[in-house]
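Structural features, examined
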Amino acid sequence: MIIIPKLSRALEGRTILGFNFRMNELQGALAWRSYASGLSYRRAEKNKKFIMDVLAQVPGVGFRAKPDPEGDSATFLAF
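The rules behind these values
- Residues numbered from 1 in each chain as written.
- Predicted model: local features only at pLDDT ≥ 70, side-chain atom pairs only at ≥ 80, totals over all residues.
- Heavy atoms only, no water.
- Helix = DSSP H or I, 4+ residues; strand = E, 2+ residues; numbered from the N terminus.
- Buried < 20%, exposed > 50% of the residue type's maximum accessible area, 1.4 Å probe, protein only.
- Contact = heavy atoms within 4.5 Å.
- Areas by Shrake-Rupley, 256 points an atom, 1.4 Å probe, with all protein chains shown as cover.
- Patch = residues over 30% accessible without salt bridge, like charges linked within 9 Å, V, L, I, M, F, W, Y side chains within 5 Å.
- Salt bridge = Lys/Arg side-chain N within 4 Å of Asp/Glu carboxyl O.

Scanning the protein from N- to C-terminus turns up two helices and zero strands. For the protein, the proportion of its 79 residues judged to be buried stands at 11%. Of the contacts formed within the protein by residues at least 6 apart in sequence, a portion of 42% connects residues at least 24 apart. Just so you have it, the protein exposes about 7700 Å², and 62% of that area is on carbon and sulfur atoms.

In structure tokens, the structure reads:
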């Protein structure tokens, strides 16, 4: 592996701390295959619905519109 330390990677110099988790195409395909295969997807949908139902009772909380509700993978909830 060749490492070029002086080569900048986009916004690596930012001041906000956080994680920089990334996966390559193969890891993504394997994860999606596992996730979309059934049980975990249905569990995620059920969990997301539960969280949305609880948050919907909080005054002033609203949810972002989903551009494709049929294609929602239940991995992210924006409110």
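Here the narrative resumes.
The subject of this paragraph is the environment of methionine 52. Note on placement: methionine 52 falls in helix 2 (residues 39–55). Between the alpha carbons of methionine 52 and phenylalanine 79 there is a distance of 9.1 Å; along the sequence they are 27 residues apart.

Attention shifts here to a nonpolar patch on the surface. Residues Phe50, Ile51 and Val54 make up a contiguous nonpolar surface patch of about 290 Å² in total accessible area. With respect to the helices, strands and loops of the structure, valine 54 is situated in helix 2. Its relative accessible area of 40% is what places valine 54 among the partly exposed residues.

With respect to the helices, strands and loops of the structure, lysine 48 is situated in helix 2. Contacts of lysine 48, omitting those with residues within four sequence positions, involve Lys66, Asp72, Ala74, Phe76 and Leu77.

The next thing to look at is the environment of alanine 44. Mapped onto the secondary structure, alanine 44 falls in helix 2. The spacing of alanine 44 and phenylalanine 76 is 32 residues in sequence and 10.0 Å in space, taken between C-alpha atoms.

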